[in-house]
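Coordinate inspection notes
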Amino acid sequence: MLAATYRVTIERHEVGEIPALVYRSVEEERSDPPFVFVIHGLASRKERHLDLCLRLTDAGFRACAFDVAGHGERRADDTDLLFGPRSAPGFAGAFLRTVVASVAELRQLADYFELTRGAVVGHSMGGYIALQAALNDPRIEAVVNIAGSIDTARFPVAEEASAEVRELSARADVVARAAEFAPRPVLLIHGEQDETVPFTGAERLYAALRDAYGDASGRVSLKRYPGLTHRDFPPAMARAATDWLATDWQATKVVVG
């Protein structure tokens, strides 16, 4: 784990039903430091990415991690569906509804903290939520998606799924909506041996983004990690995400919408 250079305070906020932790440096000199949301993955919780939050704080950011619906302190009736087999009836609907709810809650948090701009880093399901959040909130200026490039063409939506689930799945196709991310900087980080969210999803999204961005394709990056699976989240990934936000996002003027 990273030993922070500066002293860090961790503030707990309860925004409606959302428990959130905000990490900031005691020695913080900026009155309005860049704000980064950190979103955990499926079957995880807000405390999972302490190392990443400390790195972000050490780099001059203010980091906010929160429990998404049905996770951490927020276990609910359909939590068992989310934590169960991906092929189980009802999983696709529970997953997609969690993504939609989390996007809305991220907007709620941004309002609560009175943000005008920010970035988001997500891991696994959290990475997918990060992409969806950027599509739905112009205040999100940069996205780091770690092992969350879900290819909806391979998403297990059963033939008997409801019209609601089918519509949610279609709207969640980030490849089809690649042009809507521009001009935001986007970083995809993915292990090449990922058995849960195949690396091919990251490659497909990366290609779609670069095509959609045209002359600004340099704002899109893919960092691959040979040999790493979905379970792997080494410090190198957290460091890569932090360094990229400190350079590519902070050095880029982004005007969305």
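Everything here concerns the structure above.
The structure reproduced in this document is the subject of the present report. Please read these numbers as outputs of a predicted model, since none were measured by experiment.

**Quick notes on the packing of aromatic side chains**
In the structure shown here, the tally under the stated rule is six aromatic pairs. Measuring from ring centre to ring centre gives 6.0 Å for F61 and W249, while their planes differ by 10 degrees; the resulting arrangement is stacked. In this pair, F61 is assigned in the loop between α1 (50-58) and β4 (62-66) and W249 in helix α7 (residues 235-249), connecting sequence segments 188 residues apart. Taking the relative accessible area as the measure of exposure, W249 reaches 0% and is therefore buried. Judged by centre distance (5.9 Å) and plane angle (35 degrees), the rings of F91 and F95 are tilted. Of this pair, F91 and F95 both sit in helix α3 (residues 91-112), four residues apart, which is roughly one turn of that helix.

**Points about the sheet that holds strand β7 (residues 186-191)**
Taken together, eight strands build an open sheet; the order of strands is β1-β2-β4-β3-β5-β6-β7-β8 and the sheet is mixed. Sheet topology places β1 (8-15) and β8 (220-225) at the edges, where each strand pairs with a single neighbour. Here the average twist between neighbouring strands, direction ignored, is 20 degrees. Where strand β3 (residues 35-39) meets strand β5 (residues 118-123), four bridges bridge the pair, whose relative direction is parallel.

**Observations regarding the side chain of R139**
Position of R139 relative to the elements: it lies in the loop between α4 (125-136) and β6 (140-146). There is a polar contact of 2.7 Å between the side chain of R139 and the side chain of D111. Beyond its immediate sequence surroundings of up to four residues, R139 is in contact with R107, A110, D111, L115, T116, R117 and G118.

**Here we look at the pairing of β5**
The buried fraction of β5 is high, at six of six residues. On β5, burial covers both faces: G118, V120 and G122 on one face and A119, V121 and H123 on the other are all buried. Direction of pairing for β5 relative to β6: parallel, over a ladder of six bridges. Opposite G118, over in β6, you have I140 as the bridge partner.

**Regarding unusual backbone geometry**
Note on backbone geometry: most residues besides glycine have negative phi, and most peptide bonds are trans. Here the residue pair A182 and P183 is connected by a cis peptide bond, since its omega of 5 degrees sits within 30 degrees of zero. Along the chain, P183 falls in the loop between α5 (163-171) and β7. A positive phi is found at E114, a non-glycine position, where the angle reads about 55 degrees. With respect to the helices, strands and loops of the structure, E114 is situated in the loop between α3 and β5. The exposure class assigned to E114 is exposed, which follows from its relative accessible area of 68%. A positive phi angle is found at A147, which is not glycine, with a value near 55 degrees. Within the fold, A147 resides in the loop between β6 and α5. The class for A147 is buried, based on a relative accessible area of 6%.

Procedures and definitions
- Residues numbered from 1 in each chain as written.
- Predicted model: local features only at pLDDT ≥ 70, side-chain atom pairs only at ≥ 80, totals over all residues.
- Heavy atoms only, no water.
- Phe/Tyr/Trp six-rings, centres within 6.5 Å; stacked < 30°, edge-to-face > 60°.
- Helix = DSSP H or I, 4+ residues; strand = E, 2+ residues; numbered from the N terminus.
- Buried < 20%, exposed > 50% of the residue type's maximum accessible area, 1.4 Å probe, protein only.
- Pairing = 2+ DSSP bridges.
- Axes fitted to C-alpha atoms, helices over the stretch in contact; angles between N-to-C directions.
- Polar contact = N/O pair within 3.5 Å; in protein donor to acceptor, adjacent residues only side chain to side chain.
- Contact = heavy atoms within 4.5 Å.

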